[in-house]
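Below, each chain spelled out in residue letters.
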Amino acid sequence: MLELAADQGVRNVTVRGLTARAGVSTRAFYECFANAEACFGATYSRIVHNLLAGAIEMPPAGEAEVRACARALLASLAENPDAARLVLVESQLAGPAARKESLGAVTAFERLIREGFSIEPNPVVPPPRVVRAIAGAAIWIARSRLRSRPTALDGVADEFVDWMLALRDSQVERLPVIDRFRAMAAFRPPGREPVGEERGFLLTAAAKLSAAEGYDSLTVPRIRREAGVSRRSFDANFGGVAECFLEAVETRTKAAVRGAESEAKRAASSWERALVRILSSLCAGVARDPGFARLAFLEILAPGPEGLVKSEQIVNYWSERLRRTAPVERRPGPFAAEASVAAIWSLTQCEVLSGRGRRIDEAIAEMAFVLLAPMTGARPAGRAIRAEFDESIANR
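Everything quoted here is computed from the prediction, not taken from an experiment. (Residues numbered from 1 in each chain as written. Predicted model: local features only at pLDDT ≥ 70, side-chain atom pairs only at ≥ 80, totals over all residues. Heavy atoms only, no water.)

A. Fine view of the overall build of the protein chain. Helices and strands together make up the secondary structure of the protein chain, namely 20 helices and zero strands. As displayed, the protein chain offers around 17,700 Å² of accessible surface, 51% of which is attributable to carbon and sulfur atoms. (Helix = DSSP H or I, 4+ residues; strand = E, 2+ residues; numbered from the N terminus. Areas by Shrake-Rupley, 256 points an atom, 1.4 Å probe, with all protein chains shown as cover.)

B. Here's a closer look at empty space enclosed by the protein. Considering all chains together, one arrives at two cavities of 30 Å³ or more under this definition. Each pocket or cavity is described by its volume, and for the largest cavity that value is around 470 Å³. Around the largest cavity, the lining comprises 27 residues; the ones closest to its centre are Leu73, Phe109, Leu112, Ala138 and Phe160. Contributing elements (two or more residues each) for the lining of the largest cavity: α4 (36-57), α5 (63-79), α6 (81-93), α7 (96-117), α8 (128-148) and α9 (157-165). (1 Å grid on protein atoms, 1.4 Å probe; cavity = no way out; pocket = protein on both sides within 12 Å on 5 of 7 lines; lining within 4 Å. Points joined across faces, edges and corners; volume = space filled by probe spheres on them.)

C. Fine view of unusual backbone geometry. Here the bond from Glu120 into Pro121 is cis, since omega is 10°, no more than 30 degrees from zero. Looking at the secondary structure, you find Pro121 in the loop between α7 and α8.

D. Up close: the packing of aromatic side chains. Per the stated rule, a full pass over the model turns up nine aromatic pairs. Pairing Phe234 with Phe238 gives two aromatic rings, centres 5.9 Å apart and planes at 50°, and the pair type is tilted. Taken individually, Phe234 and Phe238 each receive the classification buried, so the pair is uniform in this respect. Members of the aromatic cluster, connected to one another through ring pairs, are Trp140, Phe297, Trp318 and Trp345. In this structure, Lys254 packs its charged tip against the face of Tyr317, placed 4.5 Å from the ring centre. (Phe/Tyr/Trp six-rings, centres within 6.5 Å; stacked < 30°, edge-to-face > 60°. Buried < 20%, exposed > 50% of the residue type's maximum accessible area, 1.4 Å probe, protein only. Lys NZ or Arg CZ within 6 Å of the ring centre and 35° of its normal.)

E. Geometry of the side chain of Glu250. One can find Glu250 in helix α14 (residues 241-267). Glu250 has contacts with Lys310 and Ile314, leaving out every residue within four places of it along the chain. (Contact = heavy atoms within 4.5 Å.)

F. Quick look at the pattern of salt bridges. Evaluation of the coordinates by the stated rule reveals 27 salt bridges. In this structure, Glu63 and Arg67 form a salt bridge, with 3.1 Å as the shortest nitrogen-oxygen distance. Residue Glu63 and its partner Arg67 are both found in helix α5; the two are separated by four residues, about one turn of the helix. Glu63 sits in the partly exposed class, given a relative accessible area of 41%. Here Asp158 makes a salt bridge to Arg71, at a shortest N to O gap of 3.0 Å. Of this pair, Asp158 sits in helix α9 while Arg71 sits in helix α5, placing them 87 residues apart in sequence. (Salt bridge = Lys/Arg side-chain N within 4 Å of Asp/Glu carboxyl O.)

G. A look at the environment of Lys208. Structurally, the position occupied by Lys208 is in helix α11 (residues 197-213). Here Lys208 falls in the exposed class, since its relative accessible area comes to 52%. Among the polar contacts listed, one links the side chain of Lys208 to the side chain of Glu226, at a separation of 3.1 Å. (Polar contact = N/O pair within 3.5 Å; in protein donor to acceptor, adjacent residues only side chain to side chain.)

H. Layout of the nonpolar core. In this structure, Ile134, Trp163, Met164, Ile223, Phe369 and Ile385 are the most contacted members of the largest nonpolar core, which totals 140 residues. Counting residues per element, this core draws most heavily on helix α18 (residues 334-353), which supplies 12 residues. When neighbours within four sequence positions are excluded, Phe369 is seen to be in contact with Leu167, Gln171, Val172, Leu175, Pro374, Ala378, Ala381 and Ile385. (Core = buried A, V, L, I, M, F, W, Y, C linked by side-chain atoms within 4.5 Å.)

I. Region of interest: helix α19 (residues 364-376). In this model, α19 (13 residues) spans 17 Å end to end at C-alpha, consistent with the 18 Å of a helix rising 1.5 Å per residue. Within α19, the axis deviates most sharply at Val370, by approximately 25°, and proline Pro374 lies no more than four positions further along. The element α19 is extensively covered by neighbouring structure, given that 12 of its 13 residues are classed as buried. Those residues of α19 lying buried are Ile364, Ala365, Glu366, Met367, Ala368, Phe369, Val370, Leu371, Leu372, Ala373, Met375 and Thr376. Following α19 by one or two positions, Gly377 has its phi on the positive side, about 95°. (Expected span 1.5 Å × (residues − 1). Bend = angle between axes of the 7 residues up to and from the residue.)

J. Just the packing of α11 against helix α12 (residues 220-227), in detail. The geometry of α11 relative to α12 is characterised by a closest axis approach of 8 Å and an angle of 115° between their N-to-C directions. Once α11 is placed against α12, the crossing between them reads as right-handed. Residues Phe201, Leu202, Ala205, Ala206, Lys208, Leu209 and Glu213 of α11 touch α12, and the partners they reach there are Arg222, Ile223, Arg224, Glu226 and Ala227. (Axes fitted to C-alpha atoms, helices over the stretch in contact; angles between N-to-C directions. Left-handed = near helix turned anticlockwise from the far one by under 90°.)

Read these as spatial facts, not as claims about activity.
Structural data, given as structure tokens:
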């Protein structure tokens, strides 16, 4: 599995190919695995276990050990590019079933992160969603660097640990528990931007069809019939189904961000509280619109590597927008902004994949802390989150 996934991508791996490469019979394969996806999941789990085994057996006892552990993990990935690609890239492209199965293996990594928060002299117990968000950010950062330039992994460890330790504060243990219905009622979900002209009609059609039936249901005839335009018009605007679909997802996502920003800036009393409201609005949109959630966090990966690139572009868009709109004295560096946005994106994807997308608004406090604390410090972040939710409850 490891060799074939590296050679041709996990989507092209078949049972026949696996048995031929391994030199075993088809019968022997089915005695071990139900299908190729199950074999992929087992391979993923074994690689992650081997990668983390040493660190888990000797958990870090201080900040120096945390940094050394992060460097060792990234060095191991850089030294084993095929294994790194399977864990970081192919796991995202293997389909929802395989991605869901791989979540179990990530719990070992989450345990390692909790150990990093538990170092003396002031151990901290972070909420599970914060740990999951940090794990997602770590995987995201490593994957984006691996895809662009594997040697870039070498310089990431210390920056990542700096970002993670900015979240290591007792404030993270005292985040408010959110009542989802009050939070959802307090913030209006983002609206959809009006679109016109034939390109806009095609984008709307692609988003509507794929939200209802999935990316695999899309064809050029279906999209253009739904849009009410000619084949010539489709060909003039897009090179194929994947290009049209991915632009549709990007358009919907950016519209959601801009709509949430516009609403928050009118009502919030500070920049910090505006960010909490933006997250609340986006989470409410995901919770109330499962079609949008499916598009942005699951179906976006269906076209394959192009979808992974598009998801990275969207996260980079959010990161750059965060930096541009932040006050100069609190503007995060490029790495911290990317890590925070990637953490939120990854946590949301995990919740949607696990069937908890309709309750994603329960994670608003944790998401806001991950976003704010590296920029403002943990205590100001905690105060802004509590103040915003106290006001939302009082207004009810």
